[in-house]
Amino acid sequence: MHGDRVEWTVRLYVGRSGGPQVDVSVPFRELLQVMPVTLPVVPELRPWIVLPGGIALYAQAEPAVLLTSTHGQWLIPVHDGDLVTDLIRRRQALWLQGNL
């Protein structure tokens, strides 16, 4: 996270600099809601994001964070949805107070 936004990168190859990736940035001034969710087990594949070149990545049954902004929603699979949600909320509160 930078001082005034939350950012994340989705890569096809973890830990490698090559390969397709998507970079997303949501300024705190546009962030409306952050909430932890748990993705349920479903029999069909659930597309999560499409990388350049049309490569689809699929979400598994796992914790995630749902970010809602003035420009849309993003579902981000994470290991600990509560922890990530708390971190984003705290950073946004500090930014709103002018402490970042």
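Since we're looking at a predicted model, the values are computed, not measured.

1. Let's talk about the pattern of salt bridges
This structure, assessed with the given rule, holds two salt bridges. For Arg-5, the salt bridge goes to Asp-4, with nearest N and O atoms at 3.0 Å. With relative accessibility at 29%, the residue Asp-4 sits in the partly exposed group. Linking Asp-86 and Arg-90 is a salt bridge whose minimum nitrogen-to-oxygen distance equals 2.8 Å.

2. Concerning the sheet that holds strand 7 (residues 72–77)
If you trace the three strands from one edge of the open sheet to the other, you get 3-6-7, paired in antiparallel fashion. Since the sheet does not close on itself, it has two edges, and those belong to strand 3 (31–38) and strand 7, each with one partner. Adjacent strand axes in the sheet meet at a mean angle of 20°, parallel and antiparallel pairs treated alike. When strand 6 (residues 63–69) meets strand 7, the two strands line up antiparallel, connected through six bridges. Paired with Leu-67 across the strands is Trp-74, a residue of strand 7.

3. So, the side chain of Glu-30
Relative to the assigned elements, Glu-30 resides in the loop between strand 2 (21–27) and strand 3. Buried charge without a partner: Glu-30 forms no salt bridge, and the closest opposite charge is Arg-29, 4.0 Å away. If we skip the residues at most four places from it in the chain, Glu-30 touches Thr-68, Ser-69, Thr-70 and His-71.

4. What to know about the nonpolar core
In terms of nonpolar packing, the biggest core is built from 17 residues, with Val-6, Trp-8, Leu-31, Leu-67 and Ile-88 touching the most fellow members. Residue assignment for this core shows that the elements contributing at least two residues are strand 1 (5–11), strand 2, strand 3, strand 4 (46–51) and strand 6.

5. A few points about the pairing of strand 1
By the alternation rule, side chains of strand 1 split into Val-6, Trp-8 and Val-10, which are all buried, and Arg-5, Glu-7, Thr-9 and Arg-11, of which none is buried. Pairing between strand 1 and strand 2: seven bridges, direction antiparallel. Note on strand 2: the bridge partner recorded for Arg-5 is Pro-27.

6. Considering helix 1 (residues 81–97)
A rise of 1.5 Å per residue sets the reference length of helix 1, with its 17 residues, at 24 Å; its end C-alpha atoms lie 24 Å apart and thus fit the reference within 8%. All of the buried residues in helix 1 are Gly-81, Thr-85, Ile-88 and Gln-92. Projected onto a plane normal to the axis of helix 1, the buried residues spread over an arc of 70° and lie on a single side. Within helix 1, the exposed residues directed more than 90 degrees away from the buried face are Asp-82, Leu-83, Arg-90 and Gln-97. Near the N-terminus of helix 1, the side chain that reaches the backbone nitrogen of Asp-82, with its oxygen 3.2 Å away, is that of Asp-80. One or two residues past the end of helix 1 sits Gly-98, with phi positive at roughly 80°.

So, how was this worked out
Residues numbered from 1 in each chain as written. Predicted model: local features only at pLDDT ≥ 70, side-chain atom pairs only at ≥ 80, totals over all residues. Heavy atoms only, no water. Salt bridge = Lys/Arg side-chain N within 4 Å of Asp/Glu carboxyl O. Buried < 20%, exposed > 50% of the residue type's maximum accessible area, 1.4 Å probe, protein only. Pairing = 2+ DSSP bridges. Helix = DSSP H or I, 4+ residues; strand = E, 2+ residues; numbered from the N terminus. Axes fitted to C-alpha atoms, helices over the stretch in contact; angles between N-to-C directions. Lys, Arg positive; Asp, Glu negative; His and termini not counted. Contact = heavy atoms within 4.5 Å. Core = buried A, V, L, I, M, F, W, Y, C linked by side-chain atoms within 4.5 Å. Expected span 1.5 Å × (residues − 1). Arc of directions from axis to C-beta. Polar contact = N/O pair within 3.5 Å; in protein donor to acceptor, adjacent residues only side chain to side chain.

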